[in-house]
Amino acid sequence: MPIQQTVLQQQTRGRGFYRLDDDIEAFVRTSGMVSGLCNAFIQHTSASLIINENADPAVQNDLERFISDLVIDGDSRFTHTAEGPDDMSAHVRSILTQTSLNIPVIDGRLALGTWQSIYLWEHRTSAHLRKILLTISA
Amino acid sequence: MPIQQTVLQQQTRGRGFYRLDDDIEAFVRTSGMVSGLCNAFIQHTSASLIINENADPAVQNDLERFISDLVIDGDSRFTHTAEGPDDMSAHVRSILTQTSLNIPVIDGRLALGTWQSIYLWEHRTSAHLRKILLTISA
Amino acid sequence: MPIQQTVLQQQTRGRGFYRLDDDIEAFVRTSGMVSGLCNAFIQHTSASLIINENADPAVQNDLERFISDLVIDGDSRFTHTAEGPDDMSAHVRSILTQTSLNIPVIDGRLALGTWQSIYLWEHRTSAHLRKILLTISA
């Protein structure tokens, strides 16, 4: 089966988590691929991808709290401040998480664990349109 | 050569590092694949995968010490505490490390550097049975 | 199209960022691959790979400043000190970033976003010759 690619667009409303499972799963289904890998690649340096617990929304709140205390908006050590206090912190947050993720496909479905979901993590405080490239290879 | 997949199970005895090289290498050998990539994907959000130095056990001790000081069990900022003080910290530790790893295969072997090994990092303090999906593609 | 692999060597001058886009792009071009994925894998545990903003050099300075304050050279908690104060800190910095990256290839080119570049991040203070394995699969 030849490789298949598409572009997924996600409009964000600013900092937070946006679940991508359904959109990625739909592309896997359409591709007809039974066994293989699905790569998700976000074409930005101030938003990232993570696989995280999907049952309790408190996990996301705690994760945001942790990272925003670790990487402080407007930190006086940062010199790259052209786009505001969340500019450089967004780049650091991206570096500490993922730009590219590979998920196995088994029996035509993403082989995520019971509690796993794929999230886009928007690190900027304002709304952005984000592009994620999906590549399916078998 | 068609894609090949298997499930690797690793019983942990609680927080710590569990070397996976031999089990993954065995699957690569059995597959007969000469050149390609091997993906390892852990189906959990409170254990993760890393590639780390394998010669001096002190590296693992120092790494555990660093992360447990950075992500504090029972941190009063965490609200997701249903499963105890190591619950939310395990999720954060997973986010800061890897859920999915791709390793090149060359001449029928994992092309790890001299000092590199693949570890499952159990972040929960109690024992768990962990599933890692292996996918080989050429 | 069969899988294609090569070894990219990068001489570093010590701690800092070394842009790899042109070398990886050249390999993609030579391969003749139109659509697929390119994996970059660094065979070391004290240097890593990141995808980061490429327009303003201040981003790199700020990122180095952030991580060197987070992971302190010569930290008295570290016991793996055989190779000096930047030895264990380099391992921790590697764990918090990436050893392996997958980038989509579209129309025969790396499908990086406008502001994205691929960097080798040398974490040791002295110069090193680093090996990065490139694998292209379609």
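For the structure, check the block above.
In this report, we go over the structure that sits alongside the text. (Residues numbered from 1 in each chain as written. Chains lettered and ligands numbered in written order. Predicted model: local features only at pLDDT ≥ 70, side-chain atom pairs only at ≥ 80, totals over all residues.)

Side note on the overall build of chain A
Rules: Segments assigned H or I by DSSP are reported as helices when at least four residues long, segments assigned E as strands when at least two residues long, and all are numbered from the N terminus. When we talk radius of gyration, it's over C-alpha atoms, and the globule rule is simply 2.2 Å times the number of residues to the 0.38. Counting other C-beta atoms within 10 Å of a residue's C-beta gives its exposure: the residue is buried at 20 or more, exposed at 12 or fewer, and partly exposed in between, where C-beta atoms are placed from the backbone.
Helix and strand counts for chain A stand at three helices and eight strands. Traced from its N-terminal end to its C-terminal end, chain A shows the element sequence β-β-α-β-β-α-α-β-β-β-β. A compact globule built from 138 residues would reach a C-alpha radius of gyration of about 14 Å, and chain A, at 16 Å, matches this within 12%. Taking the principal axes of the C-alpha coordinates as reference, chain A spans close to 50 × 30 × 20 Å. Among the 138 residues that make up chain A, the fraction classed as buried is 51%.

Considering the pairing of strand E8 (residues 129-137) of chain C
Residues and elements named next belong to chain C. Definition in use: Here the rule is simple: two strands pair whenever DSSP picks up at least two bridges between them.
Counting buried residues in E8 gives seven out of nine residues, a clear majority hidden from the surface. In this sheet, E8 lies alongside strand E1 (residues 4-11) in antiparallel orientation, the contact comprising eight bridges. Bridged to Leu8 within E8 is Ile132. With six bridges connecting them, strand E3 (residues 36-42) and E8 associate as antiparallel partners. Residue pairing across strands places Ile42 opposite Ile132, the latter belonging to E8.

Structural notes on the packing of helix H3 (residues 87-95) of chain A against helix H2 (residues 57-70) of chain C
For any two helices packed against each other, one specifies the inter-axial angle together with the distance between the axes. Rules: To get an axis, fit a line to the C-alpha atoms, keeping to the stretch in contact for a helix; angles then go from 0 to 180 degrees between the N-to-C directions. Handedness of a crossing is defined here by the sense of rotation of the near helix relative to the far one, left-handed for an anticlockwise turn of less than a right angle and right-handed for a clockwise turn. Once C-beta atoms have been placed from the backbone, residue pairs whose C-beta atoms lie within 7 Å are recorded as contacts. Each residue is assigned to one class: nonpolar for Ala, Val, Leu, Ile, Met, Phe, Trp, Tyr, Cys and Pro, charged for Asp, Glu, Lys and Arg, and polar for all the others, Gly among them.
The contact between H3 of chain A and H2 of chain C brings their axes to 10 Å, and the two run at 60°. Handedness of the crossing formed by H3 of chain A with H2 of chain C: right-handed. Residue-level contacts link Met88, His91, Val92 and Ile95 of chain A of H3 of chain A to Val59, Asp62, Leu63 and Phe66 of chain C of H2 of chain C. Of the residues contributing to the contact of H3 of chain A with H2 of chain C, the split by class is six nonpolar, one polar and one charged.

Focus: the environment of Gln60 of chain B
Residues and elements named next belong to chain B. Relative to the assigned elements, Gln60 resides in helix H2 (residues 57-70). Exposure remark for Gln60: the 20 C-beta atoms within 10 Å place this residue in the buried category. Along the sequence, Gln60 and Gly16 sit 44 residues apart, while their C-alpha atoms lie 8.2 Å from each other.

Focus on the sheet that holds strand E8 (residues 129-137) of chain A
Residue and element names in this part refer to chain A. Across the sheet, which stays open at both edges, the five strands sit in the order E1-E8-E3-E5-E6 with antiparallel pairing between neighbours. Unpaired on one side and paired on the other, strand E1 (4-11) and strand E6 (109-110) mark the two borders of the sheet. For strand E3 (residues 36-42) and strand E5 (residues 100-106), the ladder comprises six bridges, and the chain directions are antiparallel. Paired with Asn39 across the strands is Asn102, a residue of E5.

Regarding the interface of chain B and chain A
Residue-level contacts link 22 residues of chain B with 29 residues of chain A. The set of elements that each furnish at least two residues to the side of chain B that touches chain A consists of strand E3 (36-42), helix H3 (87-96), strand E5 (100-106) and strand E8 (129-137) of chain B. In terms of residue count, the dominant contributor to the side of chain B that touches chain A is H3 of chain B (five residues). Residue composition of the side of chain B that touches chain A, grouped by class: eight nonpolar, 13 polar and one charged.

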